[in-house]
Structure formats: C-alpha cells, structure tokens
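Descriptive analysis of the structure
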Amino acid sequence: MPSTFTAVSYGQTLSPKTLASVKTILAEHGYTVAVERMESHSGFEAAIFELGALEPSGTTEAQGAARIARLRAALAEASQEGISTAIVPDSLRAAKRKFIIMDVDSTLIQQEVIELLAAHAGTEAEVTRVTEAAMRGELDFEQSLHHRVATLAGLPESVLADVGQKIKLSVGAQRLVTEAKAAGHVVCAVSGGFSQILTPLAESLGLDHALANDLEIVDGYLTGKVSGAVVDRAAKAVQLRAWSAEAAIPGQATMAIGDGANDLDMMAAAALGVAFNAKPAVRAAADAQINIANLDVALVLANI
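As the structure is a prediction and not an experimental result, all values here were calculated from the model.

Let us look at the overall build of the protein chain. Tallying secondary structure elements over the protein chain gives 14 helices and 11 strands in all. For the protein chain, whose C-alpha radius of gyration is 20 Å, the value lies close to the compact-globule estimate of 19 Å for 304 residues. Taken over the C-alpha atoms alone, the protein chain extends approximately 65 × 40 × 35 Å along its principal axes. Sequence-distant contacts in the protein chain: of pairs separated by 6 or more residues, those separated by 24 or more amount to 66%. As displayed, the protein chain has an accessible area near 13200 Å², and 52% of this comes from carbon and sulfur atoms. Charge-centre separation for the protein chain: the mean point of 23 positive side chains lies 6 Å from the mean point of 35 negative side chains.

Judged by nonpolar contacts, the single largest core of 62 residues is most densely connected at Met 102, Leu 108, Leu 117, Phe 194, Met 255, Ile 257 and Leu 301. For this core, the leading source of residues is helix 14 (residues 296-302), giving six residues.

Taking 1.5 Å per residue as the helical rise, helix 6 (residues 124-135) with its 12 residues ought to reach 16 Å, and the 16 Å between its terminal C-alpha atoms agrees with that figure. At the C-terminal side of helix 6, Gly 137 shows a positive phi close to 85°.

Quick look at the packing of helix 5 (residues 113-121) against helix 6 now. Relative orientation of the contacting elements helix 5 and helix 6 amounts to 160°, with a least axis distance of 8 Å. In terms of orientation, helix 5 and helix 6 fall into the roughly antiparallel class. Judged by the sense of rotation from one axis to the other, the crossing of helix 5 with helix 6 is right-handed. Residues Ile 114, Glu 115, Ala 118 and Ala 119 of helix 5 form the contact with helix 6, whose participating residues are Glu 124, Val 127, Thr 128 and Thr 131.

On inspection of all chains with the given rule, the structure shows 12 salt bridges. A salt bridge links Arg 136 to Glu 138; the nearest nitrogen and oxygen atoms lie 2.8 Å apart. Overall, the relative accessible area of 37% leaves Arg 136 in the partly exposed class. Using a relative accessible area of 53% as the deciding quantity, one classes Glu 138 as exposed. Between Asp 259 and Lys 279 there is a salt bridge, with the nearest N and O atoms lying 3.7 Å from each other. On the criterion of sequence distance, the pair formed by Asp 259 in the loop between strand 9 (254-258) and helix 12 (264-269) and Lys 279 in the loop between strand 10 (272-276) and helix 13 (280-285) is long-range, its members being 20 residues apart. Accessibility expressed as a relative area gives 1% for Asp 259, which makes it buried. When salt bridges that share partners are traced, they join Arg 37, Glu 39 and Glu 50 into one network.

Reading across the sheet, the seven strands line up as 8-7-6-5-9-10-11 and stay open at both edges, with mixed pairing between neighbours. Each edge of the sheet is formed by a strand with only one pairing partner; in this case those strands are strand 8 (221-227) and strand 11 (288-290). Averaged over all pairs of adjacent strands, the angle between their axes in this sheet comes to 25°, without regard to strand direction. In the sheet, strand 5 (residues 99-102) pairs with strand 6 (residues 186-194) via four bridges, with the strands oriented parallel. Following the sheet pairing, Ile 100 is matched in strand 6 by Val 187. Strand contacts of helix 7 (residues 141-150): strand 6, strand 7 (209-218) and strand 8, with the helix running at about 170° to strand 8, the strand carrying the most contacts.

Calculation rules
- Residues numbered from 1 in each chain as written.
- Predicted model: local features only at pLDDT ≥ 70, side-chain atom pairs only at ≥ 80, totals over all residues.
- Heavy atoms only, no water.
- Helix = DSSP H or I, 4+ residues; strand = E, 2+ residues; numbered from the N terminus.
- Rg over C-alpha atoms; globule rule 2.2 N^0.38 Å.
- Contact = heavy atoms within 4.5 Å.
- Areas by Shrake-Rupley, 256 points an atom, 1.4 Å probe, with all protein chains shown as cover.
- Lys, Arg positive; Asp, Glu negative; His and termini not counted.
- Charge placed at Lys NZ, Arg CZ, Asp CG, Glu CD.
- Core = buried A, V, L, I, M, F, W, Y, C linked by side-chain atoms within 4.5 Å.
- Buried < 20%, exposed > 50% of the residue type's maximum accessible area, 1.4 Å probe, protein only.
- Expected span 1.5 Å × (residues − 1).
- Axes fitted to C-alpha atoms, helices over the stretch in contact; angles between N-to-C directions.
- Parallel < 35°, antiparallel > 145°, perpendicular 65-115°, else oblique.
- Left-handed = near helix turned anticlockwise from the far one by under 90°.
- Salt bridge = Lys/Arg side-chain N within 4 Å of Asp/Glu carboxyl O.
- Pairing = 2+ DSSP bridges.

Written out as structure tokens, the structure reads:
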C-alpha cells in the first residue's frame with residue numbers, strides 16, 4: 001500500500017552507490033520504492049522516491065510518527081557531506097496551495113543584518129559573538145537581541161539605507177519566491193531582525209506577509225532599543241499559524257525554513273521544518289536539512 005511520505009535525496013551529484021544506500025535504509029525501515037525518478041536542477045541533482053509501506057494493523061498516529069523519526073535519524077546518520085535525504089509528507093507535496101515561511105538573516109538573505117549595522121558602530125565582533133551564541137540556543141534570544149541592539153545606540157538613521165543596499169539574497173531565494181507565488185502558493189518571512197530592512201525587501205520580492213522587530217528611532221538616530229514586542233521563536237510559530245489560517249491553508253501543507261534556535265518553534269509547527277545551513281542543534285531537531293547553499297532545494301521538497 002502507498003505510504004503518506006516521499007523521500008527526496010539531493011546533492012551536487014548523486015552517485016548510484018549513494019542512491020543504493022538510501023534505498024537500503026528505506027527497506028530496513030519497512031519502506032518500498034513505488035516510483036523513482038531523477039531530476040537535474042541548477043547546482044544540484046535530486047532523486048525522488050515515492051514510498052510504499054505496510055503499516056501493522058492498529059498502528060497509532062504516534063507510532064507512525066515515531067517510525068518516521070527513526071527513519072529520518074537513520075538517513076541523517078548515513079548521509080555524506082553535501083548530500084541529504086528528506087522524508088516529506090505527501091500532504092505538503094500534493095497540496096494545491098502550500099504555505100512557505102522563512103527566516104530572513106542567513107536564510108532568505110546571506111547576511112546577519114545586525115552584524116552589518118554593528119560594523120558602523122564598531123561593535124561587530126561583540127555582536128557577532130552574541131548572535132552566534134543565540135543562534136546555537138545558548139542564550140535567550142530576547143535578552144541577546146536587547147544586548148546587541150543597545151550597541152547600536154547613536155547611529156544615524158541613514159545607516160539603514162546603506163545596510164539595505166548591501167543585502168544579498170541567498171542563492172535560489174528569488175526563484176523560490178517567484179515560482180511558489182506563480183503557482184498560487186503563499187510565501188512569508190518572519191525575522192528576529194528589523195522591519196526597516198525587511199519591509200522594503202518583502203515588497204520587492206512580493207511576499208504575502210513579513211514581520212520583524214522595529215528599531216526605535218528618535219530625531220533621526222537609533223536609540224539602542226526596539227519598539228513593541230520582540231519577534232522571538234514563539235512569535236514566529238504564532239505567525240505561521242495565523243497567516244496560514246488567514247490563507248485557509250491547513251497545517252499539513254506548511255513548510256518552515258530557518259537556520260537558528262529561534263526558528264525551532266515555527267519549524268516544529270510546520271508539516272515540514274527545514275534547517276538551512278543550520279547550527280548542529282537545529283539540524284538535529286529539523287525534519288529535513290538543506291546543507292548546500294541553495295534554496296532551490298526547497299522547491300523540490302515542496303514539489304513546486
């Protein structure tokens with residue numbers, strides 16, 4: 001009988017030996033390959049395995065989830081450098097309308113905006129150290145944000161435009177948004193960074209929704225504070241649920257992509273949580289990993 005999952009292997013090159021190893025692990029966990037096909041994309045190859053499985057009678061939802069978790073762990077343990085295999089729910093791949101939400105810094109874009117701002121304040125080394133600890137989950141995100149933003153006090157508002165011009169999208173980011181939107185899907189971004197950078201970026205990309213923290217500015221200068229509630233890991237999960245509900249897209253058709261510990265709640269809330277070139281703790285908690293610098297892989301995972 002068909003399973004409700006599809007295995008997707010991806011890497012710069014996929015050798016027959018690699019694919020044979022993946023199929024061996026699938027078989028060891030009770031899955032057969034009903035349909036197999038190869039795809040060639042810009043910068044990577046992908047192998048799609050539509051799975052079949054015989055579920056023992058009386059298998060509960062929790063038992064099924066545990067079985068998938070064991071399979072994902074086995075595939076991750078056996079993965080080679082630059083090659084990953086994701087187990088993607090067919091509820092996402094087959095959905096007529098899908099919901100994709102992304103982190104911004106080091107995910108949608110290549111940089112950490114607060115580090116670019118800190119370079120103007122001469123505090124880049126300190127801010128980078130705190131940012132990396134926060135993304136590893138070693139520091140409370142809200143406290144770390146306030147600490148880092150405080151080092152920006154006194155910067156002129158004009159630095160925001162300068163930083164905005166230095167932003168570089170991640171490879172595949174533009175195509176991910178463009179193709180997903182063209183196919184009728186909903187694409188959003190939520191960030192622990194700053195609305196003064198994200199808002200114009202979201203408008204240029206045509207994102208459906210975007211949310212980030214507001215840097216407080218008084219008389220043309222940054223005060224070193226943020227206005228309003230902080231967009232933390234809990235807030236990101238809240239926005240996933242709110243925006244997907246507003247679009248009438250069920251949770252089973254959602255995908256969340258991020259790289260840091262503050263993305264873990266929204267990744268857990270999605271049908272597929274994807275770690276993008278992420279910290280080890282985030283990769284370990286994710287449903288899928290993209291360990292090559294190419295967001296095009298997300299299009300393949302979601303079957304767009």
